[in-house]
Every structure is written in C-alpha cells, then in structure tokens.
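Structural characterization, general
As a plain string of letters, each chain reads:
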Amino acid sequence: MRKIVDVFKRKDRSLVWTYVISLDREQLNSGIVEFEIEALRLAGDQHGDKEFLTAKVRPA
C-alpha cells in the first residue's frame, strides 16, 4: 500500500518534506498512523529532531 505523507514543522506548520511511503499489508496494524510514523522517522534522519515535526497523510 502506498500513501503520500507531508511532514511539517510543528511551530509554524511550514512544509518540510513530502514522502511517498510504501508499506506491506503485514506492517499495517492501525492504518494511517504507520505511514505518519515512517515519514517522521525518515524526516528525523534527514532533517533534524523529529520532536519538532508532525506528519499528515494526504487525503486520497
């Protein structure tokens, strides 16, 4: 399953990065949350401290 996830700064809601996340159905326990968690993990690795970031899946 594939979703587009936007990552924003928490403070001013400015867009930091957009990811296309692909997860197998076996990795999906609660749906959309796993896509947002994966995007935050990637953003934290590339763009700094993930506690200052938030992620939202784009509506299909």
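Here the structure is shown first, and the text comes after it.
My aim in this report is to walk through the structure given alongside it, one point at a time. (Residues numbered from 1 in each chain as written. Predicted model: local features only at pLDDT ≥ 70, side-chain atom pairs only at ≥ 80, totals over all residues. Heavy atoms only, no water.)

What to know about the overall build of the protein chain
A tally of regular secondary structure across the protein chain gives one helix and three strands. Reading the protein chain from its N terminus to its C terminus gives the helix and strand order β-β-α-β. Relative to the globule expectation of 10 Å for 60 residues, the C-alpha radius of gyration of the protein chain, 11 Å, shows essentially globular dimensions. Evaluated residue by residue, the protein chain yields a buried proportion of 32% over its 60 residues. Sequence separation of at least 24 residues holds for 47% of the intrachain contacts in the protein chain that already meet a minimum separation of 6. On the protein chain, roughly 4,400 Å² of surface is accessible, and the fraction owed to carbon and sulfur atoms is 51%. (Helix = DSSP H or I, 4+ residues; strand = E, 2+ residues; numbered from the N terminus. Rg over C-alpha atoms; globule rule 2.2 N^0.38 Å. Buried < 20%, exposed > 50% of the residue type's maximum accessible area, 1.4 Å probe, protein only. Contact = heavy atoms within 4.5 Å. Areas by Shrake-Rupley, 256 points an atom, 1.4 Å probe, with all protein chains shown as cover.)

Some details on the nonpolar core
Listed in full, the twelve residues of the largest apolar core are Val-5, Val-7, Tyr-19, Ile-21, Leu-23, Phe-35, Ala-39, Leu-40, Ala-43, Leu-53, Ala-55 and Val-57. Contributing elements (two or more residues each) for this core: strand E1 (2–9), strand E2 (15–22), helix H1 (32–47) and strand E3 (53–57). Sequence-distant contacts of Leu-40, that is, excluding residues within four places in its chain, are made with Val-7, Lys-50, Leu-53, Thr-54 and Ala-55. (Core = buried A, V, L, I, M, F, W, Y, C linked by side-chain atoms within 4.5 Å.)

Notes on the environment of Ala-39
Relative to the helices and strands, Ala-39 is located in helix H1. As a C-alpha pair, Ala-39 and Val-5 span 34 residues in sequence and 6.6 Å in three-dimensional space. When neighbours within four sequence positions are excluded, Ala-39 is seen to be in contact with Val-5, Val-7, Tyr-19, Ile-21 and Ala-55.

What to know about the pattern of salt bridges
Under the definition given, this model contains two salt bridges. Where Arg-58 meets Asp-6, a salt bridge forms, and the shortest distance between an N and an O atom there is 2.9 Å. Residue Arg-58 is located in the segment after E3, and its partner Asp-6 is located in strand E1; the two are separated by 52 residues in the primary sequence. Taking relative accessible area as the criterion, Arg-58 reaches 40% and is therefore assigned partly exposed. Overall, Asp-6 belongs to the buried group, its relative accessible area being 10%. Between Arg-41 and Glu-38 there is a salt bridge, with its nearest N and O atoms 2.7 Å apart. Taken together, the residues Arg-41 and Glu-38, both in helix H1 and three residues apart, mark about one turn of the helix. (Salt bridge = Lys/Arg side-chain N within 4 Å of Asp/Glu carboxyl O.)

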